[in-house]
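The chain contents come next:
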Amino acid sequence: MSGKRILILTNRVPYPLNDGGNLAMHAMIESYREAGWKVALMSMNTTRHYITPDQISRIYNDIDSFETVPVDNRVKPLNTMSNFLFSNVPNHVMRFTNAEFASRLKCTIDDFDPDVIQVESIFLTGYLADVRKEGKIKTVLRLHNIEYQIWQRLAMEYKGFVKYFYFKNLSGRIKSYEEWAWKQYNLLLPITDVDAAVVKQSDPAAPTLTVPFGIDTNKVKATQADLKKGYHIGAMDWIPNREAMTWFLQDVWPTLHKEVPDFKFYFAGRDMPASFAKLNIEGATCMGEVPDANTFIADKKILIVPLRSGGGIRVKILEAMAAGKVVISTEIGMQGIDAIDDVHYIRANDARAFINAVKWCLSKPEQAEIIANNARKLALEKYDRQVIMLGLNQKLQQMLAPKA
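Note that the structure is predicted; figures quoted are calculated from it, not measured. (Residues numbered from 1 in each chain as written. Predicted model: local features only at pLDDT ≥ 70, side-chain atom pairs only at ≥ 80, totals over all residues. Heavy atoms only, no water.)

(A) View of the overall build of the protein. In terms of helices and strands, the protein carries 16 helices and twelve strands. Relative to the 2.2 N^0.38 estimate, which gives 22 Å for 404 residues, the radius of gyration of the protein is 21 Å and therefore close to what a compact globule would have. Summarising its shape, the C-alpha atoms of the protein cover approximately 65 × 50 × 45 Å along the three principal directions. When burial is assessed residue by residue, the protein has 54% of its 404 residues classed as buried. Here the analysis covers contacts within the protein between residues at least 6 apart in sequence; of these, 73% occur between residues at least 24 apart. In the protein, the 50 positive side-chain charges and the 45 negative ones have mean positions that sit 2 Å from each other. (Helix = DSSP H or I, 4+ residues; strand = E, 2+ residues; numbered from the N terminus. Rg over C-alpha atoms; globule rule 2.2 N^0.38 Å. Buried < 20%, exposed > 50% of the residue type's maximum accessible area, 1.4 Å probe, protein only. Contact = heavy atoms within 4.5 Å. Lys, Arg positive; Asp, Glu negative; His and termini not counted. Charge placed at Lys NZ, Arg CZ, Asp CG, Glu CD.)

(B) Layout of the pairing of strand β8 (residues 264-268). Within β8, four of the five residues are buried, which leaves it mostly tucked inside the rest of the structure. One crossover worth recording links strand β7 (residues 226-233) to the parallel β8 by way of helix α10 (residues 239-259), and it is right-handed. (Right-handed = clockwise from strand over helix to strand, strands pointing away.)

(C) A look at the packing of aromatic side chains. In the structure shown here, the tally under the stated rule is 18 aromatic pairs. Plain terms: the ring middles of tryptophan 151 and phenylalanine 167 are 5.4 Å apart, the flat faces sit at 25° to each other, and that makes the pair stacked. One end of the pair, tryptophan 151, is in helix α7 (residues 147-157); the other, phenylalanine 167, is in helix α8 (residues 161-182), and 16 residues separate them in sequence. The exposure class assigned to tryptophan 151 is buried, which follows from its relative accessible area of 13%. For phenylalanine 167, a relative accessible area of 9% corresponds to the buried category. Their ring planes at 40° and their centres at 6.4 Å tell us that phenylalanine 248 and tryptophan 253 sit as a pair that is tilted. Like tryptophan 253, phenylalanine 248 is buried. Grouped by ring-pair contacts, the aromatic residues Trp247, Phe248, Trp253, Phe263, Phe265, Phe267, Phe276 and Phe354 constitute a single cluster. Looking at arginine 5, its charged tip hangs above the ring of phenylalanine 112, at a distance of 4.4 Å from the centre. (Phe/Tyr/Trp six-rings, centres within 6.5 Å; stacked < 30°, edge-to-face > 60°. Lys NZ or Arg CZ within 6 Å of the ring centre and 35° of its normal.)

(D) Seen up close, the pattern of salt bridges. Scanning the entire structure with this criterion turns up 22 salt bridges. The residue lysine 300 makes a salt bridge to aspartate 299 at a minimum N-O spacing of 2.9 Å. Note on lysine 300: relative accessible area 7%, which makes it buried. The structure contains a network of salt bridges with shared partners spanning Glu30, Arg33 and Asp62. (Salt bridge = Lys/Arg side-chain N within 4 Å of Asp/Glu carboxyl O.)

(E) Spatial organisation of α10. Taking 1.5 Å per residue as the helical rise, α10 with its 21 residues ought to reach 30 Å, and the 29 Å between its terminal C-alpha atoms agrees with that figure. Valine 252 marks where α10 bends most, by close to 50°; the proline proline 254 follows one to four residues later. By the burial criterion, the buried members of α10 are Ile239, Pro240, Asn241, Ala244, Met245, Trp247, Phe248, Leu249, Val252, Trp253, Leu256 and His257. (Expected span 1.5 Å × (residues − 1). Bend = angle between axes of the 7 residues up to and from the residue.)

(F) Structural view of the side chain of glutamate 30. With respect to the helices and strands, glutamate 30 occurs in helix α1 (residues 20-34). A distance of 2.8 Å separates a polar atom in the side chain of glutamate 30 from a polar atom in the side chain of arginine 33. (Polar contact = N/O pair within 3.5 Å; in protein donor to acceptor, adjacent residues only side chain to side chain.)

(G) Highlighting the sheet that holds strand β12 (residues 346-347). Spatially, β9-β8-β7-β10-β11-β12 is the arrangement adopted by the six strands of the open sheet, whose pairing is parallel. Whereas interior strands pair on both sides, the edge strands pair on one side only; in this sheet they are β9 (284-288) and β12. Pairing analysis gives three bridges linking β7 to strand β10 (residues 300-305), with the strands arranged parallel. When the bridges of β10 are listed, tyrosine 231 appears paired with leucine 303. On the sheet, α10 packs against β7, β8, β9 and β10 and is oriented at approximately 170° with respect to β8. In this fold helix α14 (residues 351-363) packs onto β7, β10, β11 (326-329) and β12, with an angle of close to 165° to the strand it touches most, β11. (Pairing = 2+ DSSP bridges. Axes fitted to C-alpha atoms, helices over the stretch in contact; angles between N-to-C directions.)

(H) Structural context of the packing of α7 against α10. Close contact between α7 and α10 brings their axes to 11 Å; oriented N to C, the two are set at 30°. As the angle between them shows, α7 and α10 are arranged roughly parallel. Crossing of α7 against α10: the hand is left-handed. Residues Ile150, Trp151 and Leu154 of α7 touch α10, and the partners they reach there are Ile239, Pro240 and Glu243. Classifying every residue of the contact of α7 with α10 by side-chain character gives five nonpolar, no polar and one charged. (Parallel < 35°, antiparallel > 145°, perpendicular 65-115°, else oblique. Left-handed = near helix turned anticlockwise from the far one by under 90°. Nonpolar A, V, L, I, M, F, W, Y, C, P; charged D, E, K, R; others polar.)

(I) The environment of phenylalanine 354, seen in detail. Structurally, phenylalanine 354 is set in helix α14. Put simply, phenylalanine 354 and leucine 256 are 98 residues apart on the chain and 8.1 Å apart in space, counted from C-alpha to C-alpha. For phenylalanine 354, the residues in contact, after removing those within four places along its chain, are Trp247, Phe248, Val252, Ile304, Val305, Pro306, Ile328, Ser329, Thr330 and Ala348.

Written as structure tokens, this is what we have:
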């Protein structure tokens, strides 16, 4: 498909490559470039994920165009309350509504003349009205997750009525917005078959193609790691990660450390809350934001994934599997990954299960290594970036082909 032109819109700059969202967007950009597409990237440089001009000058120099627009997307209590009381549109949409971005988008479309525009956040759907004014451009939405499910599950985690009511209301508004937004695109790219099924349940005629996170298998290497070291890494500004780590440290770790004192746990991620950094928990170490994720995980064998809400696909799990780690995860954490319990990972949905899983790994290292090897084989065979891109290329060719 040499010569085809795609403009990718993101609601943050996909950098640094130390969390799942950035990795997933980056992998898509690289896949298009490697497949011979002309690629333009237009990103919001938000206050919450701000990237300095010096950093911006050093990234994405190998694609045809890259520009950023400053956007203030801070969560403001007064705006949030006003939105809750007087609007049916989720506050997320309002936080990414920006006049300068809309103006620059029009100029970029005029200059780059894309055949396809791919949107990497459902909350940017409002800009499609401007896209349609610029000609017959095909539009694609990448679904990193089903947003309303995240907020539904978070609501169930809260025992206080106020937070429960707010998150329940928010999830309903997001659900209505998502179901409307899905109908605005020529093609939807859910990241898992589970998410595709949710879309199809809402709209059986929705044009979908499941495109999971693709791994550059040439760069993923298995390393020698210590089975007595476990880890978790993930962006802590994402509420499900923060809630998961709070639960694990409070409800799991004290008993786990008492029963297996030799096992050490390390956790890292961007925007680590100060409350975590100040914790003084024996055997558990908060690393904050690490400069290089691969270096952080290299000597650690067990990935702990205590997610209790969330959606989409866990990029860090796939990377861990490809690197030959043992994954201990909740079912929600493994959602969307074609892995089998006790074959490719160890399932743990409650505190006792996490404790038993760690104890089993340490007592049966040979069997644990078999699970790690099975996981690596699955990740390299099913989630190879080039294989995934072949299917997407074929689908886009069909979409762009002139009608007979």
